[in-house]
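Take a look at the letters that make up each chain.
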Amino acid sequence: MGKMCFSLVIILLLGILNVGKAEIYIVTVEGEPVVSYKGGIDGFEATAAEFDEKIDTTSELVTSYAQHLEKKHDMLLALLFDRGTYKKIYSYRHLINGFAAHISHEQAEILRQAPGVKSVERDWKVRRLTTHTPQFLGLPTGVWPTGGGFDRAGEDIVIGFIDSGIYPHHPSFASHNTEPYGPLPKYRGKCEVDPNTKKDYCNGKIIGAQHFAEAAKAAGSFNPAIDFDSPLDGDGHGSHTAAIAAGNNGIPVRMHGFEFGRASGMAPRARIAVYKALYRLFGGFVADVVAAIEQAVHDGVDILNLSVGPNSPPATTKTTFLNPFDATLLSAVKAGVFVAQAAGNGGPFPKTLLSYSPWIASVAAAVDDRRYKNHLTLGNGKILPGIGLSPSTHPNRTFTMVAANDVLLDSSVMKYSPADCQRPEVLNKHLVEGNILLCGYSFNFVVGTASIKKVAETAKALGAAGFVLAVENASPGTKFDPVPVSIPGILITDVSMSMELVNYYNITTSRDWTGRVKSFKSTGSIGNGLRPILHKSAPQVAIFSARGPNVKDYSFQDADLLKPDILAPGSLIWAAWAPNGTDEANYCGEGFAMISGTSMAAPHIAGIAALIKQHHPHWSPAAIKSALMTTSSTIDRAERPLQAQQYSGSETLTLVPATPFDYGSGHVNPRAALDPGLIFDAGYQDYLGFLCTVPGIDAHEIKTFMHSPCNYTLGHPSNFNSPSIAVSHLVGTRIITRTVTNVAEEETYVVTARMAPEVAIETNPPAMTLRHGTSRKFTVTLTVRSVTGAYSFGEVLLKGSRGHKVRIPVAAMGYDR
């Protein structure tokens, strides 16, 4: 296994590029896709649902119309080009009408000019962006009992994962220890068969498993030896996200003989449908991802988890909201599917979000209350803090410390960078045995060619009592995560503390005139780092979590739509891993991994959305998103306002007051989300109205992607019925409207608002009474008081007489003209 664990970064640096003449293009053509076809073509009746709801894709109407669209795609290509000069890769029929083809630049130009062709875009790449979090979020006591306990939580809800596949033999996905899963007629996905074992990937818990790699193959990026031409996870990432959302409850997380708690998904009884479209070395291609989303919606998933996003705002379209990726997701939402997407990992810098559209729940990542800390005690009494998920050295004993550079077998091996402690064969076992081995944390660890796992293996092979890794210079933004190891070990991350260690070692070590060590006199002991410390200052916004404000176009102009939407745990999350997964060198060959990213936050929301869908099966995706957002929390466990991790100076981590551009509406509160009182609902027409109102947007471009004309406008994008308000360019006074719908019993709500002093805020009416199922409009008036060149933040609060609290964040930047 060890040799397989190359770093993703190194491979990317080598730039495996297939620079041929032909490239993959995504082409959209005239004519409605299944989801929005209202009739009008002889012999084909309407397939669009009256309201935003699921379409029966098995019906004769739908299959015949879908075949009709595919025939038209084939005819268009056959008319324009000679057979053998092009390759159609996918036909898109359900969510968008078009196809992906492997064609030359010249052929793309011919297609652009062809009648009936709306857009021709070159494919672009995307990248992939838990034991304790169910307890941290209060699920076992607050949510699961209401759904019949953990063994019923998420029952009959299907979550689709567009990711790197799944490792089906993992205990988190096993079905033999649970009550049998019956058939689920509403889901029509299929289970591919493993080409080697001839067994399929499904077991009742995993209900569908398919893979999409045609674009990757056409581009020459696909390597079947490591990418697996099947739904098998060749990376680890897909297994991890599936387990966070829907893994079995109570699975012991064991590594190196230690147990780190028991893992559980948010909705442990939900079904998992796998749509593999991401691969280890190159990420994925939008043509494959769009095909996977199409298939997932066609198959009948309820929730879609996307721990994937573009590398930057798409340059091919004028606006971030209109591209084949987001347009496909809008059609998925029209078909009744809730979409959770990772916000991106470009934080803590502003405008780093990679999830833009109002129909998507964009998820930021939080650090939860669990921290792993350890310490090294030196012979001079100094205690140096560090991180290391390891047992302690023998209690009440100190051990001699030896530096890797001082125990080399042969000075000629310097070319191997021996201080990294990656190769036991270059170090002298007699000098290391029974002692603590000191190693240096070099750039090799940053790029992934060296790993802490390998340091531990080296120390163990040489019989060391433990190891210390010292960080002597850190580049700004280096993220240090604790790694579980089988022997005592610690990473000293603070450069000044590492220097204290080095100085102590140098003072106590005597050398001859050549610099060779005569005697090692420095001593130390390593503490027990296996037990987490629970902090009150949680949650916090993680340093890497992408930040707003949201952007509406490629020139990074601010959008009048607040993003991210919500915050969920995404730092140091324990969950299932594929033993052949090589995404993280420290977990190569392991069954579990503890990793960080907004990729880990999105499936928390996908799983909690499944629990809401189970309770409220007829709620729209917007209603589920609203319930999650309006009930979220902006205070931490210590009852203080949420804080965000930020850099101060070059590299030190500090905490600053968080804003809605860091956390959206706040940190998810699953128990409150089941009973939100009021919801801000929205459907396809509302999203269309939003698009038609974005300044500078091209109505022709909207018709291209949405197959609908701009018949009405919201006046301003900030009038879109979102559970948040953002105005990027506030001049004078603006009146914003919102509509709430009561999903509980009759209740009277008092409406209040507060805002930073630079912008005045008023709401009207001051109170309103709503019966169950009724809707009411209210207005929020914002007025510029002083121009500061920065955003002002506030909130609107609707307080119900029965105890419901509905809160929406407000962000506005004032201008004098």
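Above this text you will find the structure in question.
Quick look at the structure, then.

Scoring rules and cut-offs
In this convention, every chain numbers its residues from 1, walking through the sequence in written order. Owing to the predicted nature of the model, reporting of local features is limited to residues with pLDDT of at least 70; listing and counting of side-chain atom pairs is limited to 80 or more, with chain, interface and lining totals taken over all residues. Water and hydrogen atoms were dropped before computing side-chain values, which therefore reflect all heavy atoms in the structure. Put simply, a disulfide is two cysteine sulfurs that come within 2.5 Å. Secondary structure elements follow DSSP: runs of H or I of four or more residues count as helices, runs of E of two or more count as strands, with numbering from the N terminus. For each residue, the accessible area found with a 1.4 Å probe, counting protein chains only, is set against the maximum for its type, and the residue is called buried under 20%, exposed over 50%, and partly exposed in between. Simply put, an axis is a line fit to the C-alpha atoms, just over the touching stretch for a helix, and the angle between two N-to-C directions goes from 0 to 180 degrees. Crossing handedness is defined as follows: a turn of the near helix away from the far one that is anticlockwise and smaller than a right angle gives a left-handed crossing, while the clockwise case is right-handed. Residues are treated as being in contact if the distance between any of their heavy atoms lies within 4.5 Å. Polarity classes work like this: nonpolar for Ala, Val, Leu, Ile, Met, Phe, Trp, Tyr, Cys and Pro, charged for Asp, Glu, Lys and Arg, and polar for all others, with Gly in that last group. Should DSSP find at least two bridges between two strands, the strands are taken to pair. Buried Ala, Val, Leu, Ile, Met, Phe, Trp, Tyr and Cys residues that are joined via side-chain atoms within 4.5 Å together make up what is termed a nonpolar core. For patch detection, residues must exceed 30% relative accessible area and be free of salt bridges, and they are connected within 9 Å for like charges or within 5 Å for nonpolar side chains (Val, Leu, Ile, Met, Phe, Trp, Tyr). Exposure was quantified through the Shrake-Rupley algorithm and a 1.4 Å probe, taking into account, for residues, occlusion by the shown protein chains and nothing else. A side-chain nitrogen of Lys or Arg and a carboxyl oxygen of Asp or Glu constitute a salt bridge if their distance falls within 4 Å.

**Regarding the state of the cysteines**
Taken as a whole, this structure holds 3 disulfides when the rule is applied. Disulfide partner of Cys421: Cys439, at an S-S distance of 2.1 Å. Handedness here is read from the sign of the S-S torsion; for Cys421 and Cys439, about -100°, the answer is left-handed. One end of the pair, Cys421, is in the loop between strand E19 (399–403) and helix H11 (429–432); the other, Cys439, is in strand E20 (residues 436–440), with 18 residues separating them in the sequence. Of the two residues, Cys421 and Cys439, both sit in the buried class.

**Some points on the packing of helix H8 (residues 237–246) against helix H15 (residues 598–615)**
Contact pair H8 / H15: the axes reach a minimum separation of 7 Å and the direction vectors enclose 35°. The element H8 and its partner H15 pack so that their crossing is right-handed. Along its contact with H8, which presents His237, His240, Thr241, Ile244 and Ala245, the element H15 presents Ser599, Met600, Pro603, His604 and Gly607. In the contact of H8 with H15, the residues fall into 4 nonpolar, 6 polar and no charged.

**Concerning unusual backbone geometry**
A cis amide bond, omega 0°, links Lys563 with the succeeding residue Pro564. Assignment of secondary structure puts Pro564 in the loop between strand E27 (540–541) and strand E28 (566–569). With an omega dihedral of 0°, the bond running from Asn764 to Pro765 counts as a cis peptide bond. You can see Pro765 is positioned in the loop between strand E37 (759–764) and strand E38 (767–770). The residue Leu572 is not glycine, and still its phi comes out positive at about 55°. By the element assignment, Leu572 lies in the loop between E28 and strand E29 (573–576). Residue class for Leu572 comes out buried when judged on its relative accessible area of 12%.

**Focus: the sheet that holds E37**
Adjacent strands of a sheet pair through backbone hydrogen bonds, lying either parallel or antiparallel. In space, the 4 strands of this open sheet follow the order E33-E35-E39-E37, with antiparallel pairing throughout. Two strands lie at the open edges of the sheet, namely strand E33 (678–679) and E37, each paired on one side alone. Sheet topology places E37 next to strand E39 (residues 775–784); 6 bridges connect them, and they run antiparallel. For Asn764, the partnering residue across the bridge sits in E39 and is Thr779.

**A short note on the nonpolar core**
Counting 84 residues, the largest nonpolar core has Ile293, Leu691 and Met706 as its most contacted members. Broken down by element, the residue count for this core peaks at 9 residues, all from helix H9 (residues 286–299). In this structure, Ile293 is in contact with Leu95, Ile162, Leu304, Leu306, Phe325, Thr328 and Leu329, ignoring residues within four places of it in sequence. Of all hydrophobic cores here, the second largest spans 73 residues; its members include Ala340, Ala365, Met594 and Ala627.

**Focus on the pairing of strand E35 (residues 733–742)**
The pairing of E33 with E35 spans 2 bridges and is antiparallel. Its bridge partner lying in E35, Leu678 is registered against Asn742. Both E35 and E39 contribute to a ladder of 9 bridges, which runs antiparallel. Residue Ile735 lies in a different strand from E39, and its bridge partner there is Thr781.

**Concerning a nonpolar patch on the surface**
Taken together, the side chains of Leu79, Leu80 and Ile110 make up a nonpolar region of the molecular surface, amounting to roughly 290 Å² of accessible area. As for its position among the elements, Leu79 is in helix H2 (residues 60–80).

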